Amino acid sequence: MRLALDEAEQAGRGGDVPVGAVLLSPDGTTVLAAGHNEREATGDPTAHAEVLALRRGAAELGQWRLSGCTLVVTLEPCTMCAGALVQSRVDRVVYGARDEKAGAAGSLWDVVRDRRLNHRPEVIEGVLAEECALLLTEFFRDR
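None of the values given here were measured: they were computed from a predicted structure. (Residues numbered from 1 in each chain as written. Predicted model: local features only at pLDDT ≥ 70, side-chain atom pairs only at ≥ 80, totals over all residues. Heavy atoms only, no water.)

1. So, the sheet that holds strand β5 (residues 122-125)
Then comes step 1: One open sheet accounts for five strands, arranged β2-β1-β3-β4-β5; its pairing is mixed. Edge positions in the sheet fall to β2 (31-36) and β5, since each of these pairs with one other strand and no more. Each adjacent strand pair in this sheet contributes to an overall mean axis angle of 15 degrees, direction not counted.
Then comes step 2: Alignment of strand β1 (residues 20-24) against strand β3 (residues 70-75), held across four bridges, turns out to be antiparallel. Opposite alanine 21, over in β3, you have valine 73 as the bridge partner.
Then comes step 3: Contacts from helix α3 (residues 49-61) reach β1, β2 and β3, with the element oriented near 150 degrees to β2.
Then comes step 4: Here helix α5 (residues 129-142) sits on the sheet and contacts β3 and β4 (92-97); the angle it forms with β4, its principal contact strand, is near 60 degrees. (Pairing = 2+ DSSP bridges. Helix = DSSP H or I, 4+ residues; strand = E, 2+ residues; numbered from the N terminus. Axes fitted to C-alpha atoms, helices over the stretch in contact; angles between N-to-C directions. Contact = heavy atoms within 4.5 Å.)

Below you can see the structure in the form of structure tokens.
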């Protein structure tokens, strides 16, 4: 999560909402890819930290199936990112702060664990939640 927080800080310095993500290999020790929000920087509405980390990880592995991988992200994924997590077949999602307004991994919705879908990653929430939330609070307070 500390690596994801470093990514989030990069996003904040660039004027984007400070969210960072890190994709870990199936062994859980190797970082395959990382990303932070780049919507403002790129003008791409899909440039969320999770989507960028998944894209980069798939490129690193040379395949779209990220079976066995873990995505660590500072903020609970939104519906778009939750859908991408399901589609990429990651095994586990670890997140810090809950997103009561747009979260789709347990708070507002629970897309990643919807029994109607063909894949349901494990969800671990609340890792360094206060630190993750503080980054967001400070960012929006300054706005």
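2. Structural notes on the pattern of salt bridges
Then comes step 1: Using the criterion set out here, one finds seven salt bridges in the structure.
Then comes step 2: Arginine 2 is the partner of glutamate 131 in a salt bridge, and the nearest nitrogen-oxygen pair spans 2.6 Å. Of this pair, glutamate 131 sits in helix α5 while arginine 2 is found in helix α1 (residues 2-13), placing the two residues 129 residues apart along the sequence. (Salt bridge = Lys/Arg side-chain N within 4 Å of Asp/Glu carboxyl O.)

3. Comments concerning unusual backbone geometry
Then comes step 1: One non-glycine residue, arginine 89, adopts positive backbone phi at about 70 degrees.
Then comes step 2: Summarising the element assignment, arginine 89 is placed in the loop between α4 (79-88) and β4.
Then comes step 3: Phi angles above zero are rare outside glycine, and leucine 128 is one such case at about 50 degrees.
Then comes step 4: Looking at the secondary structure, you find leucine 128 in the loop between β5 and α5.

4. Regarding the environment of aspartate 99
Then comes step 1: Secondary-structure assignment places aspartate 99 in the loop between β4 and β5.
Then comes step 2: Sequence-wise, aspartate 99 and glutamate 76 are 23 residues apart; in three dimensions their C-alpha atoms are separated by 5.6 Å.
Then comes step 3: Aside from chain neighbours lying at most four places away, what touches aspartate 99 is Leu75, Glu76 and Ser107.
Then comes step 4: A distance of 3.1 Å separates a polar side-chain atom of aspartate 99 from the backbone nitrogen of alanine 102. (Polar contact = N/O pair within 3.5 Å; in protein donor to acceptor, adjacent residues only side chain to side chain.)

5. With respect to the nonpolar core
Then comes step 1: Ranked by internal contacts, the top residues of the largest apolar core, which has 38 residues, are Leu23 and Leu71.
Then comes step 2: Counting residues per element, the ones that place at least two in this core are α1, β1, β2, α3, β3, α4, β4 and α5.
Then comes step 3: Filtering out sequence-adjacent residues up to four positions away, leucine 71 remains in contact with Ala21, Val22, Leu23, Glu50, Ala53, Leu54, Leu85, Arg92, Val93 and Val94. (Core = buried A, V, L, I, M, F, W, Y, C linked by side-chain atoms within 4.5 Å. Buried < 20%, exposed > 50% of the residue type's maximum accessible area, 1.4 Å probe, protein only.)

6. Structural notes on the UniProt feature "binding site: Zn(2+)" (unreviewed entry) in the protein
Then comes step 1: Annotation from UniProt places "binding site: Zn(2+)" (unreviewed entry) at His48, Cys78 and Cys81. Taking the farthest pair of C-alpha atoms as the criterion, the annotated set spanning 34 residues converges on one region, since that pair is 9.3 Å apart. Among the annotated residues just listed, those that line the largest pocket are His48 and Cys78.
Then comes step 2: Of note, cysteine 78 is situated in the loop between β3 and α4.
Then comes step 3: In this view, cysteine 78 contacts His48, Ala102 and Ala104; residues no more than four positions away in its chain are not counted.
Then comes step 4: Take cysteine 81: it is sitting in helix α4.
Then comes step 5: For cysteine 81, a relative accessible area of 0% corresponds to the buried category.
Then comes step 6: Contact partners of cysteine 81, with chain neighbours within four places excluded, come to His48, Glu50 and Val51. (UniProt positions renumbered as here; feature names shortened; annotations may be inferred. 1 Å grid on protein atoms, 1.4 Å probe; cavity = no way out; pocket = protein on both sides within 12 Å on 5 of 7 lines; lining within 4 Å.)

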